[in-house]
Structure formats: structure tokens, C-alpha cells
Amino acid sequence: MSFGMFKKNVKRSSGFGLNSIGTKLFLLVMTAAAIGLGSLGTLFYQELKSVKLLQLTSETDIKVRELEAELHSSESFLRSLVSATTFVSNGGSRSPTSYERLVREFFGARPKLITGFGIMQTPKGLVERDWFGPYVEESRVPRGIKIPENNAFALVDLWEVDRYPQLQYYQDAVNSRKYFWSEPYINTAYPVPLMTFAGPVLDRQGNLVAVMNGDINIRDLKQVKDNASPNRSGYFVLATNQGHLLSYSPDPSKATSLQHISSIPTLKSVWNEVQSKLQQGSAQGFLASNDTRSYWVFQKVPSTQWVMIQAVPYAQVLMPALVGAIGATLLAGVLMALAIWWSIRQLDRRLQPILDVCYETMSPENAPAKSPDEISTLSTAFFGMVERQTALMRQLQLAHDELLQSQRFKDDFLAMMSHELRTPLNAMLGMNEGLQEEIFGSITDRQLNALQTIERSGYHLLELINDVLDVAKIESGQIELKCAPTQVAALYQASLMFVVQPAKAKQITIESKLPWGLPDLLVEERRICQVLINLLNNAVKFTPEQGHIILETRYLPSVDGADGTQSWLQISVTDTGIGIAPENIARLFQPFIQVDSALNRQYEGMGLGLALVKRIVELHGGQVHLTSDVGSGSCFAIDLPCVRAGGHHE
């Protein structure tokens, strides 16, 4: 097969077909996505189930709070009755009329949960014994004296007062001297199931004069049965802490007859588990019963210690959660499939231009015998590019080695030329010095001036040669530093003496700032002195007459590095010179480079000073910083390592 035929066949096979990488990728991603969505769906199902159970717990809590509010309202009403009775008693009134009026007023304002209430006096109680009243209660059977205002109510006959001590809650109130809810009981006079809230009535001296009681008809607790939804098959149960039923919506007669909760087989095991959780300190919670296939949410009523239980079949909790989880998972799966299909379709379209380039770049010898999909084509093209890249890298490496060899030749040449130039130059400077000292005979003033000019030029040339030699040594890695603790004051003194005269000639003031107590630098003194001299010379050279230069040192915070904690000193040289434009700062530290402008080309130099500064400081592990503003001046700062306080090296 020719290469042209190969390209045509490959182009024909590209697309979103069965052998396309897009189809394979779609199936692979969707398989992984299906597994992930299945796991997420399971988690979502568990979360929905937890939310549903939390909702059921909230429903039970609302029921408990409603019942608790009614109980508190009833207790508050009855305590108010005690307070009012005590107030009348402490006022000294023993008139039956006062108490009769008091009870009638309270009876009309009683909470709906209170069936009846009364004040049961002791033998020496609130009124004279020949008139007990008033104990008011709803009369199912005509008893006592009718109250004229309402014939449905009557004053209890006088003989009842002798029977009060026989009542259990009367005895408990007398003995305990506190308010309490009695256990449920059947009132034989009517008969109805009741619970009584009772408590003592005390006079000013703390003597018991009566017992207050308020009755709740247990049949009125039917309000707690489930009325949230007519379609719900669950129900509520209300029982005392001892297990006596107060409300049972499936069969209210069981609560009316005060049966024990264990008499209902489906509730017996559940009640035992609820009691176990209550004894462990859980006032609220839920449990699952596989025997009844239901969830049971329970909560204790705080004021009475009753227990409210809500039964909800599994189906009402699990089916909504399952339907929601499956629906959300399917919707997410469909959306994800569409998104993946669209993305892979776009990828397939993006691959086509790349494949076209591959067809054009592949040589016939690199063309595969058979191309099942786009990846095979891209793989062939990729490895062909890798081979060509490897060949190019070999060529670049050879060129790099040649450049390094050229750099070494240059460094060797500069070093050799520097040595060769310094030898005759030193001889010339020596002869010049002998001539100035008139060793070879007397000279005139004009000759002396000429010799001094030669001397200055020679030393300037020697300085340039030394700088070139230093740069060459640094570039070739031939310099080894001999660092030792060095006082900053000594560096100040050694460097400032070289710029005092040039600065004085231009009327430039030099201010040195050296805080007390700085640690010693850990540097090679000669090299750092060379750095400071270069910086100060530049500052003097580029500062106009009557300018100002500041030489300052400050301590920098310690920095944690690979070799431990290192402390630093920063020495800065600030001038009021011509400044440097921001675009020229990057070129400033390159050797043999000067900022070329009409303003500063008047200054001499080869552009080696700052290059040496940067390289020497970096050899010490430090950094050079530069801030400058054209026309306002510059600030060169160098960070150098120092020793710790106490003289220990970092």
C-alpha cells in the first residue's frame, strides 16, 4: 500500500464510529461513571432516609412540645389557683362566699385539658367545717347543691371532706409537700380514667391548710394521635414512664382502661428497647424493628416523664428515599451521558486537524500497516516526532558543548591577556614612580603633571585589567572564597577612604549609619571591600555636585534554609544621582554593558563594576537589590551572611 493510499484510508476511518477512540472512550467513561453514580445513589438513598427519619423525629418533637405546652399551661393555671387561695387565706377571710367566688372565676378560665379542679381543705382548713365548699367539678350524675349560674355544675356534698384523706394523691401531697402528677387511675364515681396534678396549700406560717388538685381526663389526650396525613398508616402512642397507656390511636379503649403497653404484642419488645435507651440517658431517638417492619421514634415529655412513640412502617420511609435516589441517579446519569458524549464528540472533531497534520508529517517508513483508530495514528506520529526531537537534542548538545568550549577559550584568553598586560603595565607604573621621585634626575612641574596623568591612566588601566581578570575567574569558577568573621566598621573604613577625595572634589556629603551591636559578617573581607568600593565609586560618579550619599547597614530577620537558620546583614548605598530607568535595570548587571543615553555616556567605565558586585555577592550566597527613580537617585543593597549573636557561625 502506498503512503497516499494509507492517508486516504486513515482519513476515511476517522470519525465517531465503532472503531473510533471516541466510542471506546465513551463506553469506558460511562462504565466508570455508572459505578460512581451507583455509589453516589446509595449514599443519596442513605441521606434521604436520614432526612426522612429526621423529619419523623421533628414531628414527634412538635407533638411533645404541643403537649408539654398544654401541660405547662395547666400547671401554671393550677399554681395560680393555689396562689390566689393562699392570698385569700392569708388575708384572714374564712368566708365560704369568698372561696366560692374565687373558684367560679377560675373555673371559667381553666385550660381545655383540665376537666375539673378543687381545693380539698384539711379539718382546720380554709373555711369553717360546717361549709366545705367550694369544690367544683363537672357533674355527670346530679350530686350536691346546684350552682344557680350553671345547672351543669354543683357544690360537692359536705360529707366528701372526710373521704379526702383516703385519696392517694391527697396523702402524697400532705407527705411530700410538693407538686406532682399522679399515676393514672379510674375515677369510680363516673367512672373515667384520670390523672391528677396535686400539691399543698400552705398558710403564712407554713401550715398545710388544703390540697389543690386538677384532673385531666385521659380520653382528652386523643389529640396526640396521628393527624399529619390521612394516607399515613403509622400512629402515635403515649404512655407513662411505667408503661400505662394514655393514648393509643389504633384502639383508644386500651388507653381508656389504662392497660399496660406490654399487653400489645407488637409494642412489648419495642417498649423494652425504648426503656433501655431511656435508661442510657437518651431522651429522644428512633429504632428499627424488623418484627413489625416499622421505625419507632420516641421522645420523653419533660414535665411528666411520659413517653411519646410514633410508629411508621418501613415503606413510608424507604420508598420515598428509594424513589428519590433512583430518580436523581437516573437523571444524573442521563445528563452525564449527554455531557460525556458531547465532550468526546468535540474531542473527536478537535482530533481531526491534528490527524491531518500527522498525515502530512509522517514519512512512508513510519506509516503503520494498519490503523484501527486515531490513537494509533497519533502514536505513530508522536514517536516519529520523538525520534526527530532526539536528533535535534543531540545537535543542540553538540552546539552547547562547542559554546562551552568557546567560553572556556575566552576565559583562558582573558586571564592570559590580563596577566600579560599587567606585567608591562606594572613596569611602566614602577618607572613612572621612579621618575616622579627624581631617581633618574630632576624634572620640571610640567613633566611632573604629565607623569601624574600617566600614573592615573595606568592605575585606571590596571583596575580595568583586574576587573576583567576577576570576571573571567568567576565565570570559570576559579575563585574560592576564604570567609571569616569580619567587622562591618572595618569594611566602612577600608572602602570610604577610596572615595573621600572624589566626593570632596564634587562637594558630595557621605553619611555612614552603623547601628550598635551588629554581628560580624561571615565573608571574605577583600572581596566585600571591593564590592563596597565599586558601589561607592558609582554613587560618587553618578551623583551631581553637592549631592548626598548614605552608607547604611541593618540586621535582617533569620531565614530557615536547607542548611539551617541563617542570619543576614543588609548594606545599602543610597545616592541622589541621575537614577536608572526601569527598562535598563535588567541589563545593568551584565558585564561590558552600560546604560546608553545622552545623559550618562559622559561617564567613563567598561561596565564591569556592577557585574563584579553581583557575582561576588552571589558567591557569598547573598543577593543584590536595586531601587531607582530617574532624576531622584538610586539605592543599591546587598544581603550578606553574618554570624550568630555570641560569635557562633551560622
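Notes on the structure in this doc start here.

What counts and what doesn't
- Residues numbered from 1 in each chain as written.
- Predicted model: local features only at pLDDT ≥ 70, side-chain atom pairs only at ≥ 80, totals over all residues.
- Heavy atoms only, no water.
- Pairing = 2+ DSSP bridges.
- Helix = DSSP H or I, 4+ residues; strand = E, 2+ residues; numbered from the N terminus.
- Axes fitted to C-alpha atoms, helices over the stretch in contact; angles between N-to-C directions.
- Contact = heavy atoms within 4.5 Å.
- Phe/Tyr/Trp six-rings, centres within 6.5 Å; stacked < 30°, edge-to-face > 60°.
- Buried < 20%, exposed > 50% of the residue type's maximum accessible area, 1.4 Å probe, protein only.
- Lys NZ or Arg CZ within 6 Å of the ring centre and 35° of its normal.
- Salt bridge = Lys/Arg side-chain N within 4 Å of Asp/Glu carboxyl O.

## Section: the sheet that holds strand β10 (residues 245-248)
Next, step 1: A sheet is described by the order of its strands in space; here five strands give the open sequence β10-β9-β13-β12-β11, paired in antiparallel fashion. Edge strands, defined here as strands with exactly one partner in the open sheet, are β10 and β11 (284-289). Across this sheet, the average inter-strand angle for adjacent strands is 15 degrees, counted without regard to direction.
Next, step 2: In this structure, β11 lies alongside strand β12 (residues 294-300), joined through six bridges in antiparallel fashion. Its bridge partner being in β12, L287 is matched across the sheet by W296.
Next, step 3: In this fold helix α6 (residues 265-279) packs onto β9 (235-239), β10, β11, β12 and β13 (307-313), with an angle of close to 45 degrees to the strand it touches most, β12.

## Side note on the packing of aromatic side chains
Next, step 1: Under the defined criterion, the tally for this structure stands at nine aromatic pairs.
Next, step 2: Both rings, one in F77 and one in F106, keep their centres 5.5 Å apart while their planes meet at 55 degrees; by these two values the pair is tilted. Placement of F77 in helix α2 (residues 21-90) and of F106 in helix α3 (residues 96-108) is noted, with a sequence separation of 29 residues between them. Taken individually, F77 and F106 each receive the classification buried, so the pair is uniform in this respect.
Next, step 3: By the ring-pair criterion, three or more aromatic residues cluster together here, those being Y179, W181, F197 and W306.
Next, step 4: One cation-aromatic arrangement involves K63 over F236; the distance from NZ or CZ to the ring centre is 5.6 Å.
Next, step 5: Positioned above the aromatic ring of Y179, the side-chain terminus of R79 is 4.3 Å from the ring centre.

## Side note on the pattern of salt bridges
Next, step 1: For the structure on display, the rule yields four salt bridges.
Next, step 2: Between E70 and K112 there is a salt bridge; the shortest N-O distance is 3.8 Å. Here the residue E70 occupies a position in helix α2, and K112 occupies one in the loop between α3 and β1 (114-121), the gap between them amounting to 42 residues.
Next, step 3: Relative accessible area serves as the criterion here: at 68%, K112 is assigned to the exposed category.
Next, step 4: R527 is the partner of E524 in a salt bridge, and the nearest nitrogen-oxygen pair spans 4.0 Å.
Next, step 5: When its relative accessible area of 12% is taken as the criterion, E524 is described as buried.

## Focus on unusual backbone geometry
Next, step 1: In this structure, R293 takes a positive phi of about 55 degrees despite not being glycine.
Next, step 2: As for its position among the elements, R293 is in the loop between β11 and β12.
Next, step 3: The backbone of Q546 sits at a positive phi, close to 65 degrees, despite the residue not being glycine.
Next, step 4: Examined against the element boundaries, Q546 turns out to sit in the loop between α12 (525-541) and β17 (548-561).

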